[in-house]
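Chains, contacts and geometry: an overview
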Amino acid sequence: MEKTLDTSIKINAPAHVIWAILDDIERYPEWNPLVPELKGKTMVGRQVEGILTREGMPTVPLKPTLTAIVGARELRWLSERPTPGEFRAEHYFVLEQNDDGTTTLIHNEDFSGTFLTQVWDGINTLGRAAYIRMNEALKERAEALATEEPYVHASLDNTPSDKVSLQGKTLKCSCAENPVVINVNAPIYHNHLCGCSKCWKPEDALLALIAVVADGQLTVAENNDKLQIVDETQSIKRYACSSCGTHMYGTVEDRDHHFYGLNFIHPELVTDGQIPVPEFAAFVSSLVETGLEPAQMVSIRTKLEDLGIPSYDVFSPEIMDLIAWHKVKLEKCDQ
Ligand SMILES: N[C@@H](CCC(=O)N[C@@H](CSCO)C(=O)NCC(=O)O)C(=O)O
């Protein structure tokens, strides 16, 4: 006997968001009524383990093998009884992106085997209802995550037309007493948001704000003795206030490094001026590495796009070209 349990639902969210929820099995207990528990590595050929719950049917243990994972498009897992021909079930999710920005989720299961004659009626009625409930729960979660408005950074509240150079301005750490004070003696450049795990950000911000100033153009005016390097192993040596933890500036010691000659500062620490609006957002996908729920990425990128701020997953193309050219120049000098 061979049967297919076929269900589908139209979701008003991009496949990117829906996939991020489907692939994040650790969070299934938060929303998934059909598979409220699933553990293991979601990688092709590996087994995951959990439970399948369908109202009116007994809860059954689940230990399928993942047979296909095409990121943001298709996920398949296979459960099979050891006796050949007895029972085989391939459960799969296919995400079809529609032109109107919605996604159709195909949520099916192909069954075969002699045992199926005993259970198909239950699967086709109570099982189907449970699959539909999971589809609806996934739709609710995806649509909420796709439309939530994330708070990114205070600099985005300012008007982009305000060109602020910070030359002649002062940066301060957050210590109420004896703060570290830095004077900025030259214009800042390449002011950008950064999602990488190394850059400091204010507690309420999702991304850091970083700009560069040429070497020699910063003066630590007060409490230099409070500054300490955060991580000696990084090429950018980030000096932070040892009392409040605020990163005050970063420098590069390696004379061959592409950023040698630059100082990195955090423009939002300005005390006597406006925070400059960033030109772009860098290392946005690194937010996932720092622990952000992957399904939140689309709403963050949409917010940046709406504000006219391009988002990149390394630096901007301009800076990446400079880095590449720097590498070529170094190689030429070594010849
Ligand atoms: N995914 C990694 C990226 C880390 C990374 O490469 N960071 C950049 C940006 S820092 C300024 O915007 C970098 O140049 N790092 C060199 C350094 O920190 O010394 C992650 O998130 O950790």
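Residues numbered from 1 in each chain as written. Predicted model: local features only at pLDDT ≥ 70, side-chain atom pairs only at ≥ 80, totals over all residues. Heavy atoms only, no water.

The chain is annotated in an unreviewed UniProt entry as S-(hydroxymethyl)glutathione synthase from Marinobacterium lutimaris. Quoted verbatim from the Sequence similarities (unreviewed entry) field of the UniProt record, the comment on the chain reads "Belongs to the Gfa family." (UniProt positions renumbered as here; feature names shortened; annotations may be inferred.)

Before going further, it helps to spend a moment on the nonpolar core. Counting 44 residues, the largest nonpolar core has Ile11, Val17, Ile21, Val35, Leu38, Phe111 and Leu138 as the members making the most contacts within it. Mapped onto this core, the elements with two or more residues apiece are strand 1 (2–11), helix 1 (15–22), strand 6 (74–80), strand 7 (88–97), strand 8 (103–112) and helix 2 (116–147). Ranked by residues supplied to this core, first place goes to helix 2 with 11 residues. Excluding anything up to four places from it in sequence, isoleucine 21 contacts Tyr28, Trp31, Leu138, Arg141, Ala142, Leu145 and Ala295. Of all hydrophobic cores here, the second largest spans 36 residues; its members include Leu171, Leu218, Ile275 and Leu304. (Core = buried A, V, L, I, M, F, W, Y, C linked by side-chain atoms within 4.5 Å. Buried < 20%, exposed > 50% of the residue type's maximum accessible area, 1.4 Å probe, protein only. Helix = DSSP H or I, 4+ residues; strand = E, 2+ residues; numbered from the N terminus. Contact = heavy atoms within 4.5 Å.)

Judged by how many residues are buried, helix 1 sits mostly within the fold: seven of eight residues are covered. Every buried residue of helix 1 is listed here: Ala15, Val17, Ile18, Trp19, Ala20, Ile21 and Leu22.

Time to look at the sheet that holds strand 14 (residues 227–229). The seven strands are arranged 14-15-16-17-12-11-18 in an open sheet whose pairing can be described as mixed. The sheet is open, and its two edges are formed by strand 14 and strand 18 (280–282), each paired on a single side. Direction aside, the axes of adjacent strands within the sheet are offset by 30° on average. When strand 14 meets strand 15 (residues 236–241), the two strands line up antiparallel, connected through three bridges. Pairing of isoleucine 229 across the sheet is with tyrosine 239, part of strand 15. (Pairing = 2+ DSSP bridges. Axes fitted to C-alpha atoms, helices over the stretch in contact; angles between N-to-C directions.)

Surveying the vicinity of the ligand reveals 15 residues, the closest of which are Ser197, Ser235, Ile236, Arg238 and Ser286. Measuring from an oxygen atom of the ligand, one finds a backbone N or O atom of serine 235 at 3.1 Å. Here a nitrogen atom of the ligand sits 3.1 Å away from a polar atom, N or O, in the side chain of glutamate 289. Alone, the ligand offers 540 Å² of accessible surface; in the complex the protein occludes 83% of this. (Near = heavy atom within 4 Å. Polar contact = N/O pair within 3.5 Å; in protein donor to acceptor, adjacent residues only side chain to side chain. Areas by Shrake-Rupley, 256 points an atom, 1.4 Å probe, with all protein chains shown as cover.)

A surface patch of negative charge is lined by Asp254, Asp256, Glu331 and Asp334. When its relative accessible area of 45% is taken as the criterion, glutamate 331 is described as partly exposed. (Patch = residues over 30% accessible without salt bridge, like charges linked within 9 Å, V, L, I, M, F, W, Y side chains within 5 Å. Salt bridge = Lys/Arg side-chain N within 4 Å of Asp/Glu carboxyl O. Lys, Arg positive; Asp, Glu negative; His and termini not counted. Charge placed at Lys NZ, Arg CZ, Asp CG, Glu CD.)

Within helix 4 (residues 297–306), burial applies to Met297, Val298, Ser299, Ile300, Lys303 and Leu304. As for helix 4, its buried residues are in contact with helix 1, helix 2, strand 11 (189–194), strand 18 and helix 3 (286–289). Glycine 308 sits one or two positions beyond helix 4 and adopts a positive phi of about 80°.

Next up on the list: the environment of isoleucine 9. Among the secondary structure elements, isoleucine 9 is positioned in strand 1. For isoleucine 9, a relative accessible area of 15% corresponds to the buried category. Along the sequence, isoleucine 9 and glutamine 335 sit 326 residues apart, while their C-alpha atoms lie 61 Å from each other. If we ignore the near neighbours within four places in the chain, the residues touching isoleucine 9 are Thr103, Thr104, Leu105, Asn135, Glu136 and Lys139.

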